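Structural description and commentary
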Amino acid sequence: MDKQFEKLFAMMAEMKAGQEEMRVAQAGLEQKMEARQEEMRSGQEEIKNQIQAHVESQVDEIKIYVDGFIGKIEEEVQCVKGKIDKVESEVQEKIGNLERRISELEDRPNNFQTSPELIYTRSTIKLLTFDGQTSWTVFKTQFDVVSSTNGWTDFVKASQLVASLRGSAAEVLQGIPADKLTDLTTIEKALESRFGDSHPTQFYRTELKTRRQKPGESLQVLAADVERLMSLAYAECPLDVRESLAAQYFVDAIRDKETQLSTRLMDFTDLKSALAYSMKFESAKTTSKIFIHARSMETDDDNWKERDDKFESLLKALEKLVESLAAEQNAPRRNPNLTCWKCFKKGHVQRACQVNDVHSIKLTCGRLAEQKIPTLNKSPEEGLKVSTLSGGGNGLYLKGSICDIPCLFLVDTGTNTTLLRADLAHKVKERLIYTPPNLTLKTATGEKAKIQGKLDASIECGFRKFQHRVYVADITDSCILGLDFLQKFKFTVDLEKNEIRTGSEKISLFSGSIQHRKRTSDGKNVQSRRLCFEGCEPCSNAEKKSRTETDISVEALIMATENRWSFK
């Protein structure tokens, strides 16, 4: 144990010795660090002193340079000031000389000879002359503007004003003393009292109140005259008051009562607005009158339209005559000894014969009986005739369309014009042409029907379309093809075969037998106004439907009877 303690004490002694050595070494290091820090401080101080010395030397150099430059500028400024003072003294001296000379010129007598160097040499505006016939106020305004522009003194103004007077205005100078002829105020007062506008102010106001627009005078001229009188009668009034009064006097002076009333109701406060509105109203009124007058000519001038239709018919007849003459000239020459097998006359063959066959002109309804179709030598409107207003089931019909509306055409050679029913006319797109109100349609029995108008319609028969004028009337059939249509397009009626021919095309005709049957809402079958033909689809369908309903009713009755007996 003792040995161990001894070793332990020995180790502790060694540790203490090591700690002492470390303390000594640490103290040495601290001393070295303090020495180094002192060296660094001294080096920083030295560098700082060097930099500060360098900066101070540079600043001193700059100050010296700037002070020298400022000194040079001050010397130059002083030199310029001296020059300015010298020029100013010279200018003041010249101004004093000019003022002295001007005062000498104004004080100099009128008959003193002016020195050449004082003569007025400035470019001037030419002054007008005043003879007392024009307005003194206007001339005075012009004179003031010219004198101000030219820079005249009162003496020069008086001289120029005296020189510009002519005629009766120059006579005013005789009442002015000789020593006052150069006094501008005296001359202006004399002219004002003789030609001024102060005395006739009441006259201008009276003229303004009684001013009225003259026949043929435009509104612009009237407004300009009102504005002129306002400037003479109310020159002392403010501008807004003069504008309001001018507008009122302008409205009172308008000749047309409608224009005057309309402009007055607008309550304008200036003349320009009242003039602009009245001109617009007058132009609109004139345009409306032209439109009304043109429309009345369109509706009331029946004679003009009748003449137009007559001219068209004559022109068409002339065209047909020219075509026939051209056809005769272009037709090949035939043997004059040829005999027609139809009329037994010489000079033509049977296919060129103009005599209609008895069978081909004989209608079943009895309208034509072995008669030749007459030629229309006058306008259709001179005598519109129709055999009857309805075919009544005895006429011949053909299927076609008019203005792309399908309908049945009644072929009636007893009617001299083509007719269209009124309700169909309202469906077509073509515009209805006005006809005279006294134009009527007369039947063979003496009945009359009113013509409602006419239109240029497109009629389709077979595979061809024809453009023809038709008349609109209250008839039963959809459309009646009259003699004018048949003759114009060279239709041939063949009643043996029930067809009509135009060129090489044949169109079948149907005879009206009975009327259409239609079914009402309560299930009853009634007759329609439309005619029925053989094989008519609506009637055939109605008959089939009736038969089907009858068969169903019989079967239902039989079944009900059988069920009743079986129940018993």
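The structure we're discussing is the one just above.
The structure reproduced in this document is the subject of the present report. Keep in mind that what you see is a predicted model, and the values were worked out from it rather than measured.

**Some remarks on the overall build of the protein chain**
For the protein chain, the count of helices and strands is 13 helices and 14 strands. Expressed as a percentage of contacts within the protein chain between residues at least 6 apart in sequence, the contacts between residues at least 24 apart total 55%. Accessible surface, the protein chain: about 40,500 Å² in total, of which carbon and sulfur atoms supply 55%.

**Considering the packing of aromatic side chains**
Each aromatic ring pair is summarised here by two numbers: the centre-to-centre distance and the angle between the ring planes. Under the definition given, this model contains 11 aromatic pairs. With centroids separated by 5.1 Å and ring planes inclined at 25 degrees, the aromatic side chains of Phe 130 and Phe 139 adopt a geometry described as stacked. Its relative accessible area of 0% is what places Phe 130 among the buried residues. Taken together through their ring pairs, the aromatic side chains of Phe 130, Phe 139, Phe 143 and Trp 152 make up a single cluster.

**A short note on the pairing of strand E7 (residues 464-473)**
Across the 10 residues of E7, 7 count as buried, placing the element largely inside the fold. Relative to E7, strand E4 (residues 419-421) runs parallel, the two being bridged by 3 bridges. The partner of Leu 419 across the bridge, within E7, is Tyr 471. In the sheet, strand E6 (residues 448-461) pairs with E7 via 10 bridges, with the strands oriented antiparallel. Bridge pairing in E7 places Ile 459 opposite Phe 466. In this antiparallel pair of consecutive strands, E6 and E7, the connection spans 2 residues, and Gly 462 shows a positive phi of 70 degrees.

**Some details on the packing of helix H5 (residues 201-209) against helix H6 (residues 219-233)**
Packing of H5 against H6 brings their axes to within 8 Å, and their N-to-C directions diverge by 150 degrees. Comparing the axis directions of H5 and H6 gives the class roughly antiparallel. When you trace H5 past H6, the crossing you get is left-handed. Taken together, the residues of H6 that come into contact with H5 (itself represented by Thr 201, Tyr 204, Arg 205, Glu 207 and Leu 208) are Val 226, Arg 228, Leu 229, Met 230, Leu 232 and Ala 233. Here the contact of H5 with H6 is composed, by residue class, of 7 nonpolar, 1 polar and 3 charged.

**As for unusual backbone geometry**
In the Ramachandran plot, Asp 404 falls in the positive-phi region, its phi being about 65 degrees despite a non-glycine side chain. Of note, Asp 404 is situated in the loop between strand E2 (396-402) and strand E3 (405-411). On the basis of relative accessible area, Asp 404 is assigned to the exposed category, the value being 60%. You will see that Lys 490, though not glycine, has its phi angle at about 55 degrees, which is positive. Counting through the fold element by element, Lys 490 comes out in the loop between helix H12 (483-488) and strand E9 (492-494).

**Structural notes on the sheet that holds E9**
Spatial ordering of the open sheet is given by E9-E10-E11, a layout of 3 strands whose pairing is antiparallel. Looking at strand neighbours, the two that pair on one side only are E9 and strand E11 (505-508), the edges of this open sheet. Mean inter-strand twist for the sheet, computed between neighbouring axes without regard to direction, equals 25 degrees. Of the strand pairs in this sheet, strand E10 (residues 499-502) and E11 are connected by 4 bridges, and their pairing is antiparallel. Within E11, the position partnered with Ile 500 by the bridge is Ile 507.

**Here we look at helix H4 (residues 184-195)**
Over its 12 residues, H4 runs 16 Å from end to end, which matches the ideal 16 Å to within 8%, given 1.5 Å per residue. Close packing links the buried residues of H4 with helix H2 (136-150) and helix H3 (154-164).

**Things to note about the pattern of salt bridges**
One pass over the full model with this rule turns up 17 salt bridges. In this structure, Glu 20 and Arg 23 form a salt bridge, with 3.0 Å as the shortest nitrogen-oxygen distance. Of this pair, Glu 20 and Arg 23 both sit in helix H1 (residues 2-107), 3 residues apart, which is roughly one turn of that helix. Salt-bridge contacts for Lys 285 lead to Asp 256; the nearest nitrogen and oxygen are separated by 2.9 Å. Residue Lys 285 is found in helix H9 (residues 271-300), and its partner Asp 256 is found in the loop between helix H7 (239-253) and helix H8 (257-266); the two are separated by 29 residues along the sequence. By relative accessible area, Lys 285 is classed as buried at 17%. Residue Asp 256 is classed as partly exposed on the basis of its relative accessible area, which comes to 29%. If you follow the salt bridges from partner to partner, you end up with Arg 211, Glu 217, Asp 225 and Arg 228 in one network.

**Quick word on a nonpolar patch on the surface**
A cluster of nonpolar side chains, namely Ile 62, Tyr 65, Val 66, Phe 69, Ile 70, Ile 73 and Val 77, defines an oily patch on the protein surface of about 660 Å² accessible area. On the secondary structure map, Val 77 appears in helix H1. You can call Val 77 partly exposed: its relative accessible area is 37%.

Reading the values: rules and limits
- Residues numbered from 1 in each chain as written.
- Predicted model: local features only at pLDDT ≥ 70, side-chain atom pairs only at ≥ 80, totals over all residues.
- Heavy atoms only, no water.
- Helix = DSSP H or I, 4+ residues; strand = E, 2+ residues; numbered from the N terminus.
- Contact = heavy atoms within 4.5 Å.
- Areas by Shrake-Rupley, 256 points an atom, 1.4 Å probe, with all protein chains shown as cover.
- Phe/Tyr/Trp six-rings, centres within 6.5 Å; stacked < 30°, edge-to-face > 60°.
- Buried < 20%, exposed > 50% of the residue type's maximum accessible area, 1.4 Å probe, protein only.
- Pairing = 2+ DSSP bridges.
- Axes fitted to C-alpha atoms, helices over the stretch in contact; angles between N-to-C directions.
- Parallel < 35°, antiparallel > 145°, perpendicular 65-115°, else oblique.
- Left-handed = near helix turned anticlockwise from the far one by under 90°.
- Nonpolar A, V, L, I, M, F, W, Y, C, P; charged D, E, K, R; others polar.
- Expected span 1.5 Å × (residues − 1).
- Salt bridge = Lys/Arg side-chain N within 4 Å of Asp/Glu carboxyl O.
- Patch = residues over 30% accessible without salt bridge, like charges linked within 9 Å, V, L, I, M, F, W, Y side chains within 5 Å.

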